[in-house]
Amino acid sequence: MDLRPSPSSGRYESSSSTKKPYLSKSVSDANSHNQSLASILNNPHAGKSDGWWWPTSSSLPVVPEFAPLNPLPKPGSDLTRTDFTPYIASFSDPFTRFHDIQTHTKSTLLLDDQNGENALVACLREVPSLYFKEDFQLEDGATFKSVTAENLVVQEKLSQYLDVVELHLVREISLRSSSFFEAQGQLEDLNSKIVEGCKRIRELKETIRLLDTNLVGPARKLQELNLKRSDLVALQNKLNLIIYVNQALSTLNLLVASADCAGALDVTDDLQHLLDGDELAGLHCFRHLRDELATSIDSINSILSAEFMRITIQEAGNMDVAITSKFKARATIAINGEGHEAKLDEEETSNFRDRLLPFVIGLLRTAKLPAVLRIYRDTLTADMKTAIKTSVEELLRVLCAQPLDSDFVAGERVVDTDGGSSSLASRLRSLPPESFVQLLKAIFMIVQAHLAQASEVKKTIEWIICHLDDHYAADSVAAAIALGAAAAETASEADGQITTFSQFSPSSNFSRGFSIHEKGNDVTTMSHLSRNFRADILRENTEAVFAACDAAHGRWAKILGVRAPIHPKLRLQEFLNIYNITQEFITATEKIGGRLGYSIRGTIQSQAKAFVDFQHDSRMAKLKAILDQENWAEIDVPDEFQTIVTSLFCPKSGTTGHGDDDSAVTATSQTEVVQSSSDPSMVDAGVPNMSHNTEQSDSTSTHLDSTAQSNDTNSRDRGRSNPRMLSFGGVSYHMVNCGLILVKMLSEYIDMNNSLTGLSSEIIHRVVDILKFFNTRTCQLVLGAGAMQVSGLKSITSKHLALTSQVISFTYTIIPEIKRILFLKVPETHKGLLMLEVDRVAQDYKVHRDEIHSKLVQIMRERLLVHLRSLPQIVESWNRQEDTDSQPSQYARSITKEVGLLQRVLSRTLHEVDVQAIFRQVVIIFHSQISEAFSRLDFSSQQARQRTYRDVQHLLGCIRSLPSDSKSNPPNWGQLDEFLAQNFCAEASQ
C-alpha cells in the first residue's frame with residue numbers, strides 16, 4: 001500500500017480508494033486492518049504519543065530520486081561502510097531535518113506545560129483577534145477593508161497566520177493520538193463481554209421458564225383466591241361503615257339542634273377522621289359528607305361564640321341601668337368610684353368560671369378561640385362606646401333639667417337653630433362645672449363596671465389556659481389545646497390565612513400535627529405548637545381588655561374635647577376637680593388594661609396647658625392694668641397677705657388654699673382683683689366678658705388706690721405711727737397695691753404647680769414671665785417716669801422710689817423660696833435651664849433695686865449742684881457787705897434741710913442697710929462736690945472767710961449726722977474736712 005503525507009493534516013494517507021472509519025467496523029475488521037493502522041506511525045521507534053508536526057504544502061521537502069541499488073554481492077564477499085555511502089548521503093538531509101523538528105516539538109511542549117498554556121492560547125496570542133471574532137465575515141465592508149485595503153502588511157502575513165494555526169492544531173491532534181489505540185483495546189474487550197453476556201441471558205431465560213412452570217403457577221392461583229376473599233370482607237366492612245356514618249350524621253343533627261356542642265364535636269371528630277383517612281373514598285352516597293360536616297361545625301362554632309358573648313358581655317348591661325337609675329335618684333357618687341367597683345366574690349367567681357369553661361374548651365378544640373376573642377374585642381369596644389353614649393344622653397336629660405347655679409350664665413345654653421332640643425355637644429358645653437363633674441363620675445362608674453367584667457373574663461381565660469392543674473377538666477383543656485394548636489398550624493400552613501373548619505379535623509390533624517416536619521410522634525414539635533397557640537390566645541385576651549380601656553379613654557377624651565373652650569376659663573378648683581377625676585380614671589383603667597392611655601393623657605395635658613396659658617394671659621393683662629393705675633402710695637398690708645407669705649414657704653404646706661376663699665378677713669379689694677380672673681361669669685363668655693373683666697379690674701384698682709391714699713393720709717395723721725408691713729424672714733417691707741397683687745398671683749401659680757405637677761416646667765416659665773413683666777413695667781413707670789403719663793402723678797418723688805425699692809427688694813428676697821417650691825415637681829433633666837432663667841430674673845431685680853438707689857443718690861447730687869451753682873455770687877456778695885448774720889447761709893440751710901428730708905423718708909421706708917449704702921455715696925458726693933466748689937472761690941475779705949467757715953461747719957455737721965457704715969472718727973470724714981483744715985486754720989483756732 002502506497003503511503004504519502006497529507007497536505008492538509010500533516011499525516012500519511014493511504015492511496016487505497018476505500019476509506020472507512022475504524023470505530024464503525026466490527027472487531028474482526030479492526031483486526032484485519034491492524035497493519036494498515038500501524039503504518040500510520042511515521043517513526044515506529046518513537047515513544048507512544050510523541051508530538052508530530054508536518055510542514056505545510058508550501059514547505060514540503062522534495063523527496064530525492066534514489067539511485068538504483070547495486071546488485072547484492074555474492075555470498076562471502078566483503079561489505080564495507082563505504083558500500084552504503086550513496087544511500088546514507090541521499091537520506092541524511094531529510095532525516096536530520098526530521099530529527100530537528102522532533103526535538104523542537106518536544107521542547108515546545110515542555111515549555112507549554114511549564115507555562116500552563118495550550119496551543120490555542122498561543123495561537124490567539126500570535127494571530128490578531130480580528131480573525132477569531134464570531135461575526136468575522138470578509139463580505140462585511142469594514143472587515144474587508146481592515147484586512148486588505150488599508151493594511152498591506154496584514155495581507156502579507158495571512159499565509160504565516162495560517163501556518164501558525166495549522167501548526168498548533170496538528171500539535172493538539174498529535175497529543176491526543178494515543179487515545180485512539182486505548183479506545184480500540186476497550187472496544188475489543190467490550191465485544192468479548194457482550195458475547196459472554198448474551199450467553200448468560202440465554203441460560204437465565206431457560207431457568208425462569210422452568211421456575212414459572214413448576215412453582216409460580218400454583219402460587220399465583222392461591223393468591224387470586226385470597227384476594228377474592230379479602231375483597232368480600234372489605235365489602236362487608238364498607239357496608240358496616242356506611243351504616244355507622246349514616247347513624248353518626250343523624251346523631252350529629254340531633255346534638256347540634258340541642259346545642260350539645262361537646263357531643264357534637266366528638267361526632268365531627270370521628271367523621272372527619274374517616275374523611276381524612278380515605279375510608280369513604282369512592283362512595284357516591286357520601287359525596288356531600290364533607291360539606292355537611294363543615295355546615296355542622298360552623299353551626300357549633302356559632303353556638304359557642306354566641307354563648308361566649310352572652311356570658312361575657314350582655315350580662316354587664318344590667319349594671320349600666322342600675323348606675324344610671326341611682327344617679328337619677330340623686331344618690332351620692334364617690335369621687336373615685338371605688339365604693340361602686342363591681343367585684344365578684346369567691347362563689348360568684350367560681351360560678352362564672354364554671355359557666356364559661358365548657359364553651360372555652362369547645363372553642364379551643366375548634367381552634368376558634370383566638371378568632372372569637374378578636375370578635376369579643378370588637379364587640380366589647382362597641383358595647384363600651386354605646387354604654388357611655390347612652391348614659392351621657394340619659395344623664396344629660398336629668399342634669400339639664402336642674403336649675404342653674406347662681407354663678408352660671410343661663411344664656412350659655414345653646415339651642416339648635418331648628419328650635420328642637422339642643423345637640424349632645426351643646427348640652428355638654430352648657431353644663432355647669434359641678435354638674436359636669438357629676439356626669440364624669442357616673443361615666444367613671446359605668447366604665448369601671450364594664451372593665452371589671454372584662455377583667456374577670458380575662459382572668460378566667462388565663463386560669464383555664466395556664467392554671468388549671470388540679471381541676472377536673474385539666475386533661476380536657478390540655479387535649480383541646482393540643483388539638484387546636486395542630487389545627488391552627490395546619491390551617492396556617494395550608495394557605496397562610498384563616499380557613500373554614502371543614503378543611504381540617506382536630507382529631508386527624510392532632511395525629512398529623514406530630515408529623516409536620518418529620519414522620520412519627522414528635523413531642524417537641526407538638527409542645528412548641530401548643531406554646532404558640534397559648535401565646536396567641538393570651539395575646540388576644542389581653543388585647544381585648546386593652547381595646548376596651550382604649551375605647552373608654554377615647555370617649556372620655558372626646559367628652560373633654562367638647563368642653564375644651566370652657567375649661568381654661570374655670571376657677572382653679574373647678575378645673576382641678578375635672579383634672580383629678582380624669583387622672584383617677586386614667587390610673588384605674590390603666591391598672592386594668594395594663595398599658596398607658598396616650599390619647600386621654602394627651603387630651604387632659606393639652607387642656608391643662610391651655611388652662612395655665614389662659615390663666616397666665618388673664619393675670620398678665622390684669623397686672624398691667626393694675627400697674628398702670630398704681631399711684632405708688634404705701635398701704636396697710638391686710639392679714640390675708642401676711643398669712644399667704646407665712647404659709648406659702650412653710651415646708652409642710654402643700655397648697656395655700658387662698659384662691660377660693662371668697663370671705664377672707666379684710667382681704668377686700670385685693671382678693672376681689674385676683675379672683676376676678678376666675679369669675680364664673682367668664683365661662684363661655686368670650687371677648688365681651690374679658691372686656692368686662694378688665695373694667696372690673698380697673699374699677700377695683702381705683703378703689704385700691706383710694707384706699708391706699710386714705711391709709712397713707714391716716715398714717716400721716718397718726719404722726720409717726722407705722723402702717724402694717726409685710727414680714728418675711730424676720731424682715732418687714734413697706735408695700736404698695738401692685739406688690740400685694742403680685743404676691744397673690746405668685747401664690748396662685750404655686751397652687752397650680754402643686755396641683756398640675758405634669759406642667760411644672762410650663763408654670764415656672766409663666767412665673768418667670770410675670771416676674772419679668774412686673775420688673776420691666778415697674779422700671780418703666782417709676783425710673784422711666786411713665787407713671788406721670790398713665791397714673792396722673794405730678795412727679796416721681798423719693799418716697800415713690802423708696803416704696804418701689806421695698807417692693808422690688810421683697811420680690812427679690814422671695815424668688816429663691818419660690819424657686820425651691822416650684823422646682824420640687826420639676827424633672828431633673830429640665831432643672832438646669834429653668835434655674836438659669838429664674839436666677840437671671842433674680843439678678844434683674846437686684847440690678848433694678850440698685851438702680852433705684854442710684855437714682856436716689858443722683859437726685860441728692862442734682863439738688864446739691866443746683867445750690868452750689870449760686871455759691872460764687874453769694875461769696876462775691878460777702879466780699880462787698882459786712883457780716884451781720886451769725887447764722888449759716890441760706891444755701892447751706894437748704895442743702896441740710898433737703899438732705900434731712902431725704903434721710904427721714906428713706907429711714908422710715910428703707911432698711912437700715914440700704915439707707916447706709918445710699919448715704920455713703922451721698923457723703924462722698926458732698927465731700928467731693930462741696931470741697932471742689934469752695935476751692936475754686938476767692939475769699940478776698942475776712943468776713944467772707946468767716947461766713948464760708950461757718951457754712952462749711954454747718955454742712956459738716958449735717959454730713960456727720962447722716963447714717964453710714966463708715967468707721968472713721970469723726971464719722972463720715974472726707975475731702976471737705978481736709979479742705980477746712982488746710983484753708984481755715986486761723987478761724988478754727990479762734
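Within any chain, residue numbers begin from 1 and follow the written order of that chain's sequence. Two thresholds apply to this predicted model, a pLDDT of at least 70 for residue-level local features and 80 or more for giving and counting side-chain atom pairs, whereas whole-chain, interface and lining totals are computed over all residues. Derived side-chain values reflect all non-hydrogen atoms in the structure, with water molecules and hydrogen atoms excluded from consideration.

**A short note on the overall build of the protein chain**
Item 1. Only DSSP runs of H or I covering at least 4 residues are called helices, and only runs of E covering at least 2 are called strands; the numbering of each starts at the N terminus. Across its full length, the protein chain carries 34 helices and four strands.
Item 2. Counting every position in the protein chain, which comprises 990 residues, the buried fraction comes to 42%.
Item 3. Expressed as a percentage of contacts within the protein chain between residues at least 6 apart in sequence, the contacts between residues at least 24 apart total 79%.
Item 4. Under the convention used here, a 1.4 Å probe and the Shrake-Rupley method define accessible areas, while residue burial counts only the protein chains that appear. Here the protein chain has roughly 52,800 Å² of accessible surface; of this, 54% comes from carbon and sulfur atoms. Under the scheme applied here, a residue whose accessible area is under 20% of the maximum for its type counts as buried, over 50% as exposed, and between as partly exposed, the area being computed with a 1.4 Å probe on protein chains only. Here, residues are in contact when the closest pair of their heavy atoms is within 4.5 Å.

**Description of the pattern of salt bridges**
Item 1. Should a side-chain nitrogen of Lys or Arg be within 4 Å of a carboxyl oxygen of Asp or Glu, the pair is scored as a salt bridge. Per the stated rule, a full pass over the model turns up 28 salt bridges.
Item 2. Linking Asp93 and Arg97 is a salt bridge whose minimum nitrogen-to-oxygen distance equals 4.0 Å. With a gap of four residues between them, Asp93 and Arg97 both fall in helix α3 (residues 85–115), about one helical turn apart.
Item 3. Look at Arg97 and you get partly exposed, because its relative accessible area is 33%.
Item 4. As a salt-bridge pair, Arg766 and Asp613 come within 2.4 Å of each other at their nearest N and O atoms. Note that Arg766 is positioned in helix α25 (residues 760–783) and Asp613 in helix α20 (residues 598–629), a separation of 153 residues in sequence.
Item 5. Here Arg766 falls in the buried class, since its relative accessible area comes to 11%.
Item 6. Under the relative-accessibility criterion, Asp613 is labelled partly exposed at 21%.
Item 7. Put simply, Arg374, Arg377, Asp378 and Glu540 are held in one network by salt bridges that share partners.

**Observations regarding the environment of Lys389**
Item 1. With respect to the helices, strands and loops of the structure, Lys389 is situated in helix α13 (residues 369–401).
Item 2. In this structure the C-alpha to C-alpha distance between Lys389 and Ile559, which are 170 residues apart in sequence, comes to 9.9 Å.

**Brief notes about the packing of helix α32 (residues 942–961) against helix α33 (residues 975–983)**
Item 1. Each axis is a line fitted through C-alpha atoms, and for a helix only the stretch in contact is used; angles between axes span 0 to 180 degrees, taken between their N-to-C directions. Relative orientation of the contacting elements α32 and α33 amounts to 150°, with a least axis distance of 10 Å. Taken as axis vectors, α32 and α33 run roughly antiparallel relative to one another. Seen from above, α32 lies across α33 with left-handed handedness. Where α32 approaches α33, its residues Arg945, Tyr949, Val952, Gln953, Leu955, Leu956, Ile959 and Arg960 are matched on the opposing element by Leu976, Asp977, Leu980 and Asn983.
Item 2. Each residue gets one of three labels, nonpolar for Ala, Val, Leu, Ile, Met, Phe, Trp, Tyr, Cys and Pro, charged for Asp, Glu, Lys and Arg, and polar for the others, Gly among them. For the contact of α32 with α33, the per-class residue count stands at seven nonpolar, two polar and three charged. Oblique is the label for any angle not covered by the other classes, which are roughly parallel (under 35 degrees), roughly antiparallel (over 145) and roughly perpendicular (65 to 115). The sense of a crossing depends on the near helix, which, turned anticlockwise from the far helix by less than a right angle, makes the crossing left-handed and, turned clockwise, makes it right-handed.

**Observations regarding the environment of Gln629**
Item 1. Structurally, Gln629 is set in helix α20.
Item 2. Separated by 161 residues in the primary sequence, Gln629 and Val790 place their C-alpha atoms 6.9 Å from one another.

**Topic: the packing of aromatic side chains**
Item 1. Any pair of Phe, Tyr and Trp rings, taking the six-membered ring for Trp, is counted once the centres come within 6.5 Å. Such a pair is stacked with planes under 30 degrees apart, edge-to-face with planes over 60 apart, and tilted for the rest. Under the criterion given, the structure shown has nine aromatic pairs.
Item 2. Considering the side-chain rings of Trp556 and Phe585, the 4.1 Å spacing of their centres and the 15° angle between planes classify their relative orientation as stacked. With a gap of 29 residues between them, Trp556 in helix α18 (residues 523–562) and Phe585 in helix α19 (residues 572–593) connect regions that are remote in the sequence.
Item 3. What makes Phe585 buried here is its relative accessible area of 0%.
Item 4. Ring plane angle 25° and centroid distance 6.1 Å describe the contact between Phe934 and Phe979, whose orientation is recorded as stacked. With Phe934 in helix α31 (residues 912–935) and Phe979 in helix α33, the pair connects residues that are 45 residues apart, well separated along the chain.
Item 5. Exposure remark for Phe934: the relative accessible area of 1% places this residue in the buried category.
Item 6. Feature note: the residues Phe444, Trp556 and Phe585 constitute an aromatic cluster, connected by ring pairs.
Item 7. Just above the ring of Phe436 sits the side chain of Arg563; from NZ or CZ to the centre is 4.2 Å.
Item 8. For a ring to carry a charge above it, either NZ of a lysine or CZ of an arginine must fall within 6 Å of the ring centroid while also lying within 35 degrees of the normal to the ring plane. Between the NZ or CZ atom of Arg619 and the centre of the ring of Tyr749, over which it lies, the distance is 6.0 Å.

**Focus: the nonpolar core**
Item 1. For the purposes of this section, nonpolar cores are sets of buried Ala, Val, Leu, Ile, Met, Phe, Trp, Tyr and Cys residues that join through side-chain atoms within 4.5 Å. Grouped together as the largest cluster of nonpolar side chains are 195 residues, with contacts concentrated most on Phe308, Leu364, Tyr376 and Phe934.
Item 2. The biggest single contributor to this core is helix α15 (residues 433–466), with 15 residues.
Item 3. Source of the domain bounds: an automatic or database domain assignment. Residue contributions to this core reach at least three from each of two domains, namely domain 1 (152–258) and domain 2 (859–987).
Item 4. Those residues in contact with Phe308 that sit more than four places away from it in its chain are Leu356, Val360, Leu363, Val372, Leu373, Tyr376, Val457 and Ile461.

**What about the confidence of the model for the protein chain?**
Interpretation of this model should avoid reading the predicted coordinates in detail wherever pLDDT is low.
Item 1. Summing up the model confidence of the protein chain, the mean pLDDT is 74 and the portion of residues at 70 or higher is 72%.
Item 2. On a scale of 0 to 100, pLDDT captures the predictor's confidence in every residue. Per-element mean pLDDT across the protein chain ranges from 34 in helix α22 (residues 668–675) up to 94 in α25.
Item 3. Scored below 50 in pLDDT, residues 331–340 shows 21 contacts in the model against residues more than four places distant or in partner chains.
Item 4. Overall, residues 651–720 carries pLDDT values under 50, and its contacts beyond four positions in sequence, including any with other chains, amount to 110 contacts.

**A short note on α32**
Item 1. If you check α32, its first and last C-alpha atoms are 29 Å apart, about what 20 residues at 1.5 Å a residue would give, namely 28 Å.
Item 2. Taken together, the buried positions of α32 are occupied by Gln943, Ala944, Arg947, Thr948, Tyr949, Asp951, Val952, Leu955, Leu956, Cys958 and Ile959. In this scheme, a helix's expected span is set at 1.5 Å multiplied by one less than its residue total.

**Details of unusual backbone geometry**
Item 1. Its identity as a non-glycine residue notwithstanding, Ala367 has a phi of 60°, on the positive side.
Item 2. Structurally, Ala367 can be placed in the loop between α12 (346–365) and α13.
Item 3. Non-glycine residue Trp632 carries a positive phi angle of around 55°.
Item 4. Relative to the assigned elements, Trp632 resides in the loop between α20 and α21 (639–648).
Item 5. Overall, the relative accessible area of 1% leaves Trp632 in the buried class.

**Here we look at a negative patch on the surface**
Item 1. On the surface, a cluster of negative charge is contributed by Glu134, Asp135, Glu139 and Asp140.
Item 2. As for its placement among the helices and strands, Glu134 is situated in the loop between α4 (119–126) and α5 (141–149). Surface patches are drawn from residues lacking salt bridges whose relative accessible area is over 30%; two like charges belong together within 9 Å, two nonpolar side chains (Val, Leu, Ile, Met, Phe, Trp, Tyr) within 5 Å. Here the positive residues are Lys and Arg and the negative ones are Asp and Glu; neither His nor the chain ends is included. By convention, the point assigned to a charge is CZ for Arg, NZ for Lys, CD for Glu and CG for Asp.

**Comments concerning a nonpolar patch on the surface**
Item 1. Together, Phe84, Tyr87, Ile88, Phe91 and Phe95 line one region of the surface with nonpolar side chains, adding up to about 520 Å² of accessible area.
Item 2. Locating Ile88 in the fold gives a position in helix α3.

**Things to note about helix α9 (residues 261–276)**
Each α-helix turn comprises 3.6 residues. Residues three or four places apart therefore point the same way.
Item 1. Counted at 1.5 Å a residue, the expected span for α9 with its 16 residues is 22 Å, and the 22 Å between its end C-alpha atoms agrees.
Item 2. All of the buried residues along α9 are Cys261, Gly263, Ala264, Leu265, Val267, Thr268, Asp269, Leu271, Gln272, Leu274 and Leu275.
Item 3. Structurally, the start of α9 carries an N-cap: the backbone nitrogen of Gly263 is 3.4 Å from a side-chain oxygen of Asp260.
Item 4. Within two residues after α9, Asp278 carries a phi angle of roughly 60°, on the positive side. Here a polar contact is taken to be a pair of N or O atoms separated by no more than 3.5 Å, where protein atoms must pair a possible hydrogen donor with a possible acceptor and residues adjacent in sequence count only if both atoms sit in side chains.

**What to know about the packing of helix α10 (residues 289–312) against α15**
In a pair of packed helices, the angle between the axes and the distance between the axes together describe the arrangement.
Item 1. Two elements in contact, α10 and α15, have axes separated by 10 Å at closest approach and are oriented at 130°. Taken together, the axes of α10 and α15 lie oblique to each other. Facing α10, whose interface residues are Phe308, Ile311 and Thr312, α15 presents Gln453, Val457 and Ile461.
Item 2. Across the contact of α10 with α15, the residue classes break down as four nonpolar, two polar and no charged.

**Thoughts on the environment of Leu955**
Item 1. On the secondary structure map, Leu955 appears in helix α32.
Item 2. Not counting the four nearest positions on each side in its chain, Leu955 is found in contact with Ala892, Ile895, Thr896, Ile930, Phe934 and Leu976.

**Let's talk about the side chain of Thr603**
Item 1. Position of Thr603 relative to the elements: it lies in helix α20.
Item 2. Ignoring anything within four residues of it in the chain, the contact list for Thr603 reads Ala557 and Leu560.

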